[in-house]
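# Notes for the structure review
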Amino acid sequence: MGNLLGTAGTPRKRLRELLTAGPPLVAPGAYDALSARLVEQAGFDVVYMTGFGTTASLIGRPDVGLLSGAEMIDNATRIVSAVDVPVIADADTGYGNAINVVRTVRAYEQAGVAAIHLEDQVMPKKCGHMSGKAVISREEMVGKIAAAAAARRDPDFVLIARTDAAAVHGLDDALGRAKAYADAGADVLFVEAPTSEESIERVATELRGVAPLVFNWAEGGRTPPLPLSRIADLGFSLVLYPIGTLLAATAGIRSLLDVIRRDGTPTAALPGVPTFDEFTTLIGLPEVSELEQRFSGE
């Protein structure tokens, strides 16, 4: 897991296989390299780099378009380097027009991610489960998806087209946009934030066979939290759990700080956290020690 010397294989081809293998591919969110390693060590086949979590962890602010493409790609690079499983990364709006999207795709490819999703929001964007979103025209987004498809050097690099139009213009427009984005070259479709099970069923029914579909199980968001079995029955191929790791980390840090504030030391909280040796093991100290012995020349 996350071997410092890397491993043989092609994560992008692996991701394409997983997306068509049958049961939905479950992708927990990671906001940094450590959380990505924990996702991989928990046995998941893919890591999802959350833009919401990246923004929160890097600058301590909400996901309202404050990060640049360079900051997002830098985080993606670190996450890819920390794990061996495929990484799916949030690429927001592509950080500009269709020409900017070309550069964005090339940069994410160079970072080593297996897939990105691009959305049709107006810049600066907002988290898909916040109010006040606006979207660009269907025609402009079709051009951006076509540019993304033309820009990729690796044909196995997966392009996920996300539409936020349901909250702005209604589900009919979102479904029409999704179909147009597939025609423009998107490999996977992502209709963001349907607000009822009926709407989710419509997405699944009307886009079945067009392209594999994403279900964004946004913790605390506007989409009903369906059981995974129901999501599978509806035919979704990829399920994102974007911010659960971030929320859990926040709760854990708060709990520890409460103990220190109350007692003056963290002693009472330590039984609930990894020991120093456990933690250094999970972040790869044994591998480093092995490499030192192997290459020290002694």
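In short, a report on the structure. (Residues numbered from 1 in each chain as written. Predicted model: local features only at pLDDT ≥ 70, side-chain atom pairs only at ≥ 80, totals over all residues. Heavy atoms only, no water.)

### Notes on the overall build of the protein chain
A count of helices and strands for the protein chain gives 13 helices and eight strands. Since a compact globule built from 298 residues should have a radius of gyration of about 19 Å, the 20 Å found for the protein chain is in line with a globular shape. Based on the C-alpha atoms only, the size of the protein chain along its principal axes is roughly 60 × 50 × 35 Å. Across the 298 residues in the protein chain, those meeting the buried criterion constitute 47%. In the protein chain, the share of contacts with a sequence separation of at least 24, taken over all contacts with a separation of at least 6, comes to 71%. Accessible surface, the protein chain: about 14,000 Å² in total, of which carbon and sulfur atoms supply 55%. (Helix = DSSP H or I, 4+ residues; strand = E, 2+ residues; numbered from the N terminus. Rg over C-alpha atoms; globule rule 2.2 N^0.38 Å. Buried < 20%, exposed > 50% of the residue type's maximum accessible area, 1.4 Å probe, protein only. Contact = heavy atoms within 4.5 Å. Areas by Shrake-Rupley, 256 points an atom, 1.4 Å probe, with all protein chains shown as cover.)

### A short note on the side chain of Glu119
Mapped onto the fold, Glu119 is located in strand β4 (residues 115–119). For Glu119, a relative accessible area of 0% corresponds to the buried category. Of the polar contacts made by the side chain of Glu119, one reaches the side chain of Gln121; its length is 3.2 Å. Leave out the neighbours within four places in its chain, and Glu119 touches Asp90, Asp92, Thr93, Lys125, Lys126, Met141, Arg162 and Asp164. (Polar contact = N/O pair within 3.5 Å; in protein donor to acceptor, adjacent residues only side chain to side chain.)

### Describing helix α2 (residues 33–41)
Those residues of α2 that sit buried are Ser35, Ala36, Arg37, Val39 and Glu40. Buried residues belonging to α2 abut β1 (25–30), β2 (47–49), α4 (69–82) and α12 (276–282). Of the residues that open α2, the one with a side-chain oxygen 3.3 Å from the backbone nitrogen of Leu34 is Asp32. Gly43 lies just past α2 and shows a positive phi near 100 degrees.

### Overview of the environment of Asp92
Relative to the elements of secondary structure, Asp92 occurs in the loop between β3 (87–90) and α5 (98–111). Measuring from C-alpha to C-alpha, the distance between Asp92 and Met123 comes to 9.1 Å, with 31 residues separating the pair along the chain. Apart from residues lying up to four places away in sequence, Asp92 is in contact with Met72, His117, Leu118, Glu119 and Lys125.

### What about the sheet that holds β3?
Across the sheet, which stays open at both edges, the eight strands sit in the order β6-β5-β4-β3-β2-β1-β8-β7 with parallel pairing between neighbours. The open sheet terminates on both sides in strands that have one partner only, identified here as β6 (188–191) and β7 (214–216). Direction aside, neighbouring strands of the sheet carry axes that sit 25 degrees apart on average. With three bridges joining them, β2 and β3 adopt parallel strand pairing. Looking at β3, one finds that Tyr48 is bridged to Ile88. (Pairing = 2+ DSSP bridges. Axes fitted to C-alpha atoms, helices over the stretch in contact; angles between N-to-C directions.)

### A few points about the pairing of strand β8 (residues 238–241)
Pairing geometry for β1 and β8, over four bridges, is parallel. Considered in β8, the bridge of Ala27 is made with Leu240. Pairing between β7 and β8: three bridges, direction parallel. Paired with Phe215 across the strands is Val239, a residue of β8. In this view, the connection linking β7 to its parallel neighbour β8 by way of helix α10 (residues 228–234) has right-handed handedness. (Right-handed = clockwise from strand over helix to strand, strands pointing away.)

### Side note on the nonpolar core
With 58 residues, the main nonpolar core has Tyr108, Val113, Ile116, Leu189 and Phe236 as its most contacted residues. The leading source of residues in this core is helix α8 (residues 171–184), at eight residues. Here Tyr108 is in contact with Arg12, Met49, Met72, Ile73, Ala76, Ala89, Asp90, Ala91, Tyr95, Val113, Ile116 and Phe157, once residues within four sequence places are set aside. In terms of nonpolar packing, the next biggest core, distinct from the first, is built from 17 residues, Leu19, Ala27, Val46 and Ala115 among them. (Core = buried A, V, L, I, M, F, W, Y, C linked by side-chain atoms within 4.5 Å.)

### Describing unusual backbone geometry
Cis rather than trans, the peptide bond between Met123 and Pro124 has omega equal to -5 degrees. The residue Pro124 is located in the loop between β4 and α6 (138–151) in this model. Here the phi dihedral of Asp92 falls at roughly 50 degrees; this positive angle occurs in a residue that is not glycine. A relative accessible area of 6% places Asp92 in the buried class. Positive phi values are uncommon outside glycine, yet Tyr95 reaches one of about 65 degrees. Along the chain, Tyr95 turns up in the loop between β3 and α5.

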